[in-house]
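Architecture and fold: a report
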Amino acid sequence: MNPRLEQLIHLQKVDSELRRTQTAQAEVPRRKAEMEAELAAGRAHLDAARASLDASLKARKRHEGSLQDLEGKRSKYKGQLMEVKTNKEYTAMLHEIETVEREIRSIEDEILVEMEKAESLTVEVKKEEIAFKAREERHRADVRALDEQAKTLEAEAARLGAEREAVARGIDEDTLALFQRISRLRGSAMAEARDGMCQVCHLKIRLQMYADLKHNEEIVQCPACNRILYYEPPVPVTVPEP
């Protein structure tokens, strides 16, 4: 094989590996942001459950305050009931007492509702706390793993970058410029010729051109996509002896 063609194939391989590594590196901050969002959503669930419980406890406390006021009012009316002098005043006072007692029963019902709600919400808060604690532990483990992956990818990118520079230095300027120009335009500069066609753009190659390509002696570009073509001989199949 032409040494220049061999170098270009090597350079393309390193370029592809480096591109994959850089793509994986770019995914790290995106994935970390997703993980932070997932943790924030879990924290929001817990905060919402705690806020609901707090609101229920405050509502119960308000109702208990109102109940205490109503009970005080009822006691006052009952005390005044003994001091009235006419049946009309007595009837009016009984009506006031009855009204207060209806309000008391209504408030007591609301307190009972809030007590039951608080009991249910307390269970929910505990459940959310357990779930969030587990989520936090998973988050910490996932972040550590992602940080380790980032370090590995950084080292791999540095290694591939150094290898690419070393390979590129061994290629003459004109050939390297051609490679880089095609790579910028097409994303990849090399294309394997197999089964009589370019394996990237699928152009059917003329028979004579394909026959010449099999020697891998010249830098030949695909007439359609302009990528540099090369031929990879098939791996011999070894038949096991009987």
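Heads up: the structure comes first, above all this text.
Structure report, in brief.

What counts and what doesn't
Residues numbered from 1 in each chain as written. Predicted model: local features only at pLDDT ≥ 70, side-chain atom pairs only at ≥ 80, totals over all residues. Heavy atoms only, no water. Core = buried A, V, L, I, M, F, W, Y, C linked by side-chain atoms within 4.5 Å. Buried < 20%, exposed > 50% of the residue type's maximum accessible area, 1.4 Å probe, protein only. Contact = heavy atoms within 4.5 Å. Phe/Tyr/Trp six-rings, centres within 6.5 Å; stacked < 30°, edge-to-face > 60°. Helix = DSSP H or I, 4+ residues; strand = E, 2+ residues; numbered from the N terminus. Disulfide = S-S within 2.5 Å.

Counting residues in each nonpolar core, the largest one holds 14 residues, and the members touching the most others are Leu-8, Leu-11, Ile-171, Phe-179, Met-190 and Ile-228. Ignoring any residue separated from it by four or fewer positions in sequence, one finds Ile-228 in contact with Leu-5, Leu-8, Leu-178, Ile-182, Ala-189, Met-190, Ala-191, Ile-219, Val-220 and Gln-221. Judged by nonpolar contacts, the second largest core, of 11 residues, contains Ala-191, Tyr-210, Leu-213 and Cys-225.

All chains considered together, the criterion is met by one aromatic pair. When the ring of Tyr-210 is compared with that of Tyr-231, the centres are 6.1 Å apart and the planes differ by 85 degrees; the resulting orientation is edge-to-face. Of this pair, Tyr-210 sits in helix H4 (residues 207-213) while Tyr-231 sits in strand S4 (residues 228-231), and the two are 21 residues apart along the sequence. Across this residue pair, the class does not change: Tyr-210 and Tyr-231 are buried.

Here we take up the state of the cysteines. This model, assessed by the stated rule, comprises zero disulfides. Cys-198 takes part in no disulfide bond, and the closest cysteine sulfur to it belongs to Cys-201, at a distance of 3.7 Å. The structure places no disulfide on Cys-225, whose sulfur is separated from the nearest cysteine sulfur, that of Cys-222, by 3.7 Å. Under the relative-accessibility criterion, Cys-225 is labelled buried at 3%.

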